[in-house]
Amino acid sequence: MAHEVGKITRQIRAIAKEHKIPVFLGCQINRGNQTTADKRPNRHLLRNSGEIFEVCDQLIMLYRDAVYTKDKCDQTIELIVEKNRLYGKLGTATMLCDLSTSRFLSLAR
């Protein structure tokens, strides 16, 4: 399965380069982080990752603390940049998430 995922990922990357378009892929992660105190995802949890991490230019993982605290008022989401071949910067951005429209909004400072 990991070999197939890697093959498909490389094909999609080739198509994106040929047509000079960005392509966004979603991937379910392994639930191994559920047993740790810090539930934040990391690249090691990619399911059947094969070569996904090697092929991608950017890897951004999403984390919502409200999923674990059951706080319905918490509308924040963390975008965790695990890889950034294009710009080099890694880190976490916290934003508001409107789940009714799947939009990310800047936090007021």
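See the structure shown above.
Residues numbered from 1 in each chain as written. Predicted model: local features only at pLDDT ≥ 70, side-chain atom pairs only at ≥ 80, totals over all residues. Heavy atoms only, no water.

(A) Structural view of the pattern of salt bridges. Inspection of the entire model under this criterion finds four salt bridges. Across the pair Asp38 and Arg40 runs a salt bridge, and its minimum N-O distance is 2.9 Å. A salt bridge links Arg85 to Asp57, with the shortest nitrogen-to-oxygen separation between them at 3.1 Å. On the criterion of sequence distance, the pair formed by Arg85 in the loop between β2 (76-84) and β3 (91-98) and Asp57 in the loop between α2 (52-55) and β1 (58-63) is long-range, its members being 28 residues apart. (Salt bridge = Lys/Arg side-chain N within 4 Å of Asp/Glu carboxyl O. Helix = DSSP H or I, 4+ residues; strand = E, 2+ residues; numbered from the N terminus.)

(B) Up close: the layout of surface pockets. Roughly 1,400 Å³ of internal volume is contained in the largest pocket. Along its surface, the largest pocket is lined by 40 residues, and Leu25, Gly26, Gln58, Leu59 and Ile60 are the ones closest to its centre. Those elements that place two or more of their residues in the lining of the largest pocket are α1 (2-19), α2, β1, α3 (66-69) and β2. A class-by-class count of the residues in the lining of the largest pocket yields 27 nonpolar, six polar and seven charged. (1 Å grid on protein atoms, 1.4 Å probe; cavity = no way out; pocket = protein on both sides within 12 Å on 5 of 7 lines; lining within 4 Å. Points joined across faces, edges and corners; volume = space filled by probe spheres on them. Nonpolar A, V, L, I, M, F, W, Y, C, P; charged D, E, K, R; others polar.)

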